[in-house]
Amino acid sequence: LPDPATPVVLVPVELRDIEDHIEASGQLLAQYAAQVAAEVPGRITEILLLEGDQADAGAVVLEIDPERRKLEVEDARARLLEAEAALFEQKREEKRIRELYGKQVASQAQLDRIETEIKLAHARFAAARSHLGIAERALRDASVSAPFAGLVATRSVSVGEFVNVGQGLFELVALDPLEVEFSVAEKDSSRVALGSEIGVRVAPFPDESFRAEITLVSPTIDPRTRTLRLKGVLANREERLRPGLFARVDLGVDRRSGVPMIPEEAVMYRATEEVVFLFTDGDRVERRIVETGVHQGGAIEVVEGLKGGEFVVPRGHQDLIDGALVAARNPDGSQATPQVAGGKPATEPEE
């Protein structure tokens, strides 16, 4: 006995003109943000700006015992003067020994000894000068300033607290401009470029689109996610936006013609594959692996695997296998007469 035919609905692969909105999701980031740490040890003696305060570039935010650093600078200057005087005295002694040596009164050993003393005096003077520079640098570092204009986001220390080198003091964040970081699928990577304008939407202002400009296109595709990382910069002069906000990014419209489209329900997902059943000559179906693209109005784009005019099975395919015999039906249940390649009817209508 012949195999019974499985009734299935058939629909053609349609070629449509579509407008594809390229969208992505990401988040807003501060373009300039820093966790400012202590560069000198000491006790916090004064805090000039609190959390939430605006700090101009170079403005002092807090002090780490600057009085002690001033005393260290004075001590280093005194040591430098002492070393300079000792060097001067050694040079005078050298001149005297050389004169005596020229008169054959002083020995070669005395001349060698004074030359060694001169070298040591030069070394002590250079060390004292370096110590003064270090002390002056420590005095400047005792007044911890903002490296750029921004807001004091968090403060980690209080007056009277002793801090060590490298300990975090406060976080500084600039709110204008902001960055939006997002990723696009591998297939859309050729549609973005440096300088392109994008639209950014955030939940607090759902009816507004903020304009941004792409400033970074990663040179590589992430091999794990098959996505391309991008960044854009957007103005935030009124400081309405905040770092950390979830962002929806609109990269514009891509208009394409002659795009193969099939109903979404025709595609079955098997592990890592997307599969459809294609109607073939002899009233049989062929299992076909496809690659899909955009979804639009209940239909899905077929990037690879099908062409216009072919017929696929959107209903009745759950138990089908490759090569199964089928009875073609239209969506309304009536008998279908699809045409396969060559224009020949694949089924004849019943009398």
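Remember, predicted model here, so these are calculated numbers, not experimental data. (Residues numbered from 1 in each chain as written. Predicted model: local features only at pLDDT ≥ 70, side-chain atom pairs only at ≥ 80, totals over all residues. Heavy atoms only, no water.)

(A) Here's a closer look at helix α2 (residues 108-142). Over its 35 residues, α2 extends 51 Å from the first C-alpha to the last, a length consistent with the 51 Å expected when each residue adds 1.5 Å. Inspection of α2 places Leu-111, Ile-114, Ile-118, Ala-121, Phe-125, Ala-128, Leu-132, Ala-135, Ala-138, Asp-141 and Ala-142 among the buried residues, and these make up the whole buried set. Packed against the buried residues of α2 are β6 (60-64), α1 (66-102) and β7 (143-145). (Helix = DSSP H or I, 4+ residues; strand = E, 2+ residues; numbered from the N terminus. Expected span 1.5 Å × (residues − 1). Buried < 20%, exposed > 50% of the residue type's maximum accessible area, 1.4 Å probe, protein only. Contact = heavy atoms within 4.5 Å.)

(B) Looking closely at the pattern of salt bridges. The full count for this structure, using the stated rule, is 21 salt bridges. Note that Arg-92 and Glu-89 form a salt bridge whose closest N and O atoms lie 3.3 Å from each other. Here the residue Arg-92 and the residue Glu-89 both occupy positions in helix α1, the gap between them amounting to three residues, near one helical turn. Look at Glu-89 and you get partly exposed, because its relative accessible area is 39%. Of the charged contacts in the structure, one is a salt bridge between Asp-222 and Arg-224, with a shortest N-O distance of 3.5 Å. Assessed through its relative accessible area of 75%, Arg-224 is described here as exposed. Salt bridges linked by common partners bring Glu-39, Arg-137 and Asp-141 together as one network. (Salt bridge = Lys/Arg side-chain N within 4 Å of Asp/Glu carboxyl O.)

(C) Region of interest: the sheet that holds strand β8 (residues 150-155). In spatial order, the strands read β3-β10-β8-β5; together these four strands make up an open sheet with antiparallel pairing. The outermost strands of the open sheet, each flanked by one partner alone, are β3 (33-37) and β5 (54-55). In the sheet, β3 pairs with strand β10 (residues 168-173) via five bridges, with the strands oriented antiparallel. The residue bridging Val-36 from the neighbouring strand is Phe-170, located in β10. (Pairing = 2+ DSSP bridges.)

(D) Focus on the pairing of strand β14 (residues 227-234). In terms of strand pairing, strand β11 (residues 178-185) meets β14 through eight bridges, oriented antiparallel. Within the sheet, the bridge partner assigned to Ser-183 lies in β14 and is Arg-229. Across six bridges, the pairing between strand β13 (residues 205-222) and β14 is antiparallel. Counted as the bridge partner of Ile-214 is Gly-232 from β14. The loop that links β13 with its antiparallel partner β14 comprises four residues; one of these, Arg-226, has a positive phi angle of about 55°.

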